[in-house]
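# Chain and residue survey
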Amino acid sequence: MLSFNNIPVPAEGEKIEIRDGQLVVPNRPIIPFIEGDGTGRDIWRAASRVFNAAVEKAYRGERQVVWYEIFAGEKAYKKFGEWLPRDTVEAIREFTVAIKGPLTTPVGGGIRSLNVTLRQVLDLYACVRPVRWYRGVPSPVKHPEKLNVVIFRENTEDVYAGIEFQQGTEQAQKTIEFLRNLGYSVRPDSGIGIKPISIFATKRLIRKAIRYALENGRRVVTLVHKGNIMKFTEGAFRDWGYQLAKEEFSDVTVTEQELWEKHDGRLPEGKILINDRIADSMFQQVLTRPDEYSVIATPNLNGDYLSDACAAQVGGLGLAPGANIGDYLALFEATHGTAPKYADKDVINPSAVILAGVMMFEYIGWREAASLITTAIERTIEQKIVTYDLARLMEGARQVKTSEFATAIIENMG
Ligand code: NAP
């Protein structure tokens with residue numbers, strides 16, 4: 001019998017397969033989950049009840065997720081003496097789609113971050129973050145409902161590539177010297193970081209963003225970059241993006257220039273607009289003209305900042321799901337951390353992991369289950385039944401525990 005971390009794979013489930021470039025999802029898919037550290041335990045308990053109830057309600061027993069626990073973080077360390085056992089990574093590879101709670105970043109021990117390691121070893125090159133507002137959620141802006149974007153952030157390159165030399169080291173000195181030989185003057189007391197952006201990584205990210213737009217009826221894909229200053233990295237990202245749209249999607253895309261020259265500014269039926277914005281102006285635009293944007297593709301650092309700024313606009317991190325997706329492999333997660341001070345108190349907001357589950361169900365094509373959950377969360381928040389984090393921002397809220405919030409969502413699936 002197949003096992004990972006010495007835990008047998010449940011016999012009643014089947015693997016999600018990839019055939020002819022498509023996911024083939026059985027009625028009882030085995031989906032590995034990492035519970036997560038700290039508040040992860042409370043959140044997972046609540047979220048998994050919501051997932052199971054939605055699937056049961058949507059498919060009346062015809063479909064069912066067969067959950068399979070895999071281990072990372074503190075729980076893995078306590079059980080196996082390792083923060084990220086190799087079998088955990090292999091299980092995700094084997095079963096293609098997985099979901100995780102937040103993980104503690106180990107201090108020392110040679111691992112920078114478990115999340116970064118997972119992204120790198122599984123080549124999950126796109127960090128996908130949908131940002132939309134749910135009715136009733138307190139927001140710092142007047143019209144939070146106008147923002148509804150899906151951000152595709154490149155996950156493997158840019159200043160996050162990890163090529164950094166500390167000030168004063170031989171590597172830093174050698175690099176400074178190398179640059180001097182090329183005619184660039186860098187102060188000798190500098191630390192150095194390198195920003196690689198490749199054609200390969202740029203095109204595969206933007207390809208994914210355009211395909212997502214096509215499959216989900218979204219009609220604008222915006223390339224966000226700082227190419228006016230960093231011409232050969234961020235500027236190249238923009239240029240390669242337009243090139244890709246022309247090479248692979250010319251029958252379904254138009255650029256902003258073509259829109260005005262050929263179509264009087266009106267987007268023709270069945271076409272997607274590809275445009276680009278400079279990053280600093282984009283931060284203004286998501287506040288002043290949020291409804292003009294739909295899918296955003298951007299290099300790593302811009303994406304990091306922009307996704308948190310957008311999340312804040314619609315009510316903050318407690319409601320922000322995300323996914324790290326490669327070619328088929330996908331790992332869904334909340335974007336917040338373990339919030340350790342609330343661990344095992346049954347108070348934390350489980351919505352981000354629940355919404356990560358919604359993304360997961362959409363990804364495997366179980367849209368009925370996904371939309372049941374989305375509607376039920378929305379109803380619950382509208383009824384002002386919320387956890388402490390939203391209760392403190394709402395007037396007349398009924399503050400409930402994590403588990404009670406899950407129960408209210410399930411009751412609202414009717
Ligand atoms: P955090 O765990 O996200 O918590 C910071 C604060 O955000 C909490 O104290 C709480 O604010 C609020 N918050 C976070 N999640 C919430 C939720 N579900 N419901 C309501 N409020 C929520 O960030 P951190 O304290 O910087 O990091 C703690 C640990 O998590 C670290 O080990 C870090 O490395 C790790 N981390 C993991 C991930 C991941 O696995 N994806 C991501 C980020 C951080 P209030 O106190 O105001 O209520």
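Each value, and the rule that gives it
Residues numbered from 1 in each chain as written. Predicted model: local features only at pLDDT ≥ 70, side-chain atom pairs only at ≥ 80, totals over all residues. Heavy atoms only, no water. Near = heavy atom within 4 Å. Polar contact = N/O pair within 3.5 Å; in protein donor to acceptor, adjacent residues only side chain to side chain. Areas by Shrake-Rupley, 256 points an atom, 1.4 Å probe, with all protein chains shown as cover. Salt bridge = Lys/Arg side-chain N within 4 Å of Asp/Glu carboxyl O. Helix = DSSP H or I, 4+ residues; strand = E, 2+ residues; numbered from the N terminus. Buried < 20%, exposed > 50% of the residue type's maximum accessible area, 1.4 Å probe, protein only. Domains from an automatic or database assignment. Arc of directions from axis to C-beta. Contact = heavy atoms within 4.5 Å. Phe/Tyr/Trp six-rings, centres within 6.5 Å; stacked < 30°, edge-to-face > 60°. 1 Å grid on protein atoms, 1.4 Å probe; cavity = no way out; pocket = protein on both sides within 12 Å on 5 of 7 lines; lining within 4 Å. Points joined across faces, edges and corners; volume = space filled by probe spheres on them. Nonpolar A, V, L, I, M, F, W, Y, C, P; charged D, E, K, R; others polar. Pairing = 2+ DSSP bridges. Axes fitted to C-alpha atoms, helices over the stretch in contact; angles between N-to-C directions.

### Here we look at the site of the ligand
- Taken together, the neighbourhood of the ligand is formed by 20 residues, with L103, T105, G337, A339 and Y388 sitting nearest.
- In this structure, T105 approaches the ligand through a side-chain N or O atom, which is 2.7 Å from an oxygen atom.
- A distance of 3.1 Å separates a nitrogen atom of the ligand from a polar atom in the side chain of H336.
- Contact with the protein chains covers 67% of the free accessible surface of the ligand, which is 870 Å².

### Quick look at the pattern of salt bridges
- The full count for this structure, using the stated rule, is 22 salt bridges.
- In this structure, the salt-bridge partner of K75 is E69, at a minimum N-O distance of 2.8 Å.
- Measuring nitrogen to oxygen at the nearest pair gives 3.1 Å for the salt bridge that ties E170 to K174. With a gap of four residues between them, E170 and K174 both fall in helix α5 (residues 170-181), about one helical turn apart. The pair E170 / K174 is uniform in exposure class, with both members exposed.
- Each member of the salt-bridge network shares a partner with another, and the members are E35, E69 and K75.

### So, the domain arrangement of the protein
- Assigned domains within the protein: domain 1 (1-128 + 324-414), domain 2 (140-153 + 198-313) and domain 3 (158-194).
- Its C-alpha centre places domain 2 at a distance of 32 Å from the equivalent point of domain 3.

### Considering helix α4 (residues 114-121)
- Those residues of α4 that fall on the buried side of the exposure criterion are L114, N115, L118 and R119. Around the axis of α4, the buried residues are gathered within 135° of arc, so they sit on the same side.
- Residues of α4 that are buried in the fold lie against α3 (86-95), β7 (97-100), β16 (321-325) and β17 (330-334).
- Count one or two residues on from α4 and you reach D123, which has phi positive near 50°.

### Things to note about the packing of aromatic side chains
- Taken as a whole, this structure holds 16 aromatic pairs when the rule is applied.
- Their ring planes at 70° and their centres at 5.9 Å tell us that F4 and F95 sit as a pair that is edge-to-face. Of this pair, F4 sits in strand β1 (residues 3-4) while F95 sits in helix α3, placing them 91 residues apart in sequence.
- In this structure F4 comes out as buried when scored by relative accessible area, which is 8%.
- You can call F95 buried: its relative accessible area is 1%.
- Note on Y59 and W366: the rings are 5.5 Å apart at their centroids and 70° apart in plane angle, and the pair reads as edge-to-face.

### Some thoughts on the layout of surface pockets
- Its volume calculated, the largest pocket comes out at about 1300 Å³.
- Lining the largest pocket we find 44 residues, and of these Y212, E215, N216, E362 and Y363 sit closest to its centre.
- Going through the elements one at a time, β4 (22-24), β8 (126-132), β9 (148-154), α6 (199-215), β16, α11 (351-363) and α12 (367-382) are the ones with two or more residues in the lining of the largest pocket.
- Split by residue class, the lining of the largest pocket holds 24 nonpolar, nine polar and eleven charged.
- Residue contributions to the lining of the largest pocket reach at least three from each of two domains, namely domain 1 (1-128 + 324-414) and domain 2 (140-153 + 198-313).
- By volume, the second largest pocket amounts to about 510 Å³.
- Around the second largest pocket, the lining comprises 27 residues; the ones closest to its centre are N115, R119, R153, E333 and T335.
- Every element with two or more residues in the lining of the second largest pocket is listed here: α4, β8, α10 (300-313), β16 and β17.

### Here we look at empty space enclosed by the protein
- With the rule as written, the count across this model stands at two cavities of 30 Å³ or more.
- Computed from the structure, the largest cavity encloses a volume of approximately 40 Å³.
- Lining the largest cavity we find I34, E35, G36, D37, E69, I70, F71, A72 and K75.
- The class makeup of the residues in the lining of the largest cavity is four nonpolar, one polar and four charged.

### Quick word on the sheet that holds strand β6 (residues 66-69)
- Strand order in the open sheet formed by eleven strands is β6-β5-β7-β17-β16-β8-β9-β15-β12-β14-β13, and the pairing between neighbours is mixed. Looking at which strands have only one partner, the edges of the open sheet turn out to be β6 and β13 (253-255). Across the sheet, the mean angle separating the axes of adjacent strands is 25° when strand polarity is ignored.
- Of the pairings in the sheet, the one linking strand β12 (residues 220-225) to strand β14 (residues 272-278) comprises six bridges and is parallel in character. Directly across from L223, in β14, lies its bridge partner D276.
- Of the strands in this sheet, β7, β16 and β17 touch α4, which is tilted by about 160° from β17.
- Relative to β17, α11 is tilted by about 155°, and along the sheet it contacts β5 (30-34), β6, β7, β8, β16 and β17.

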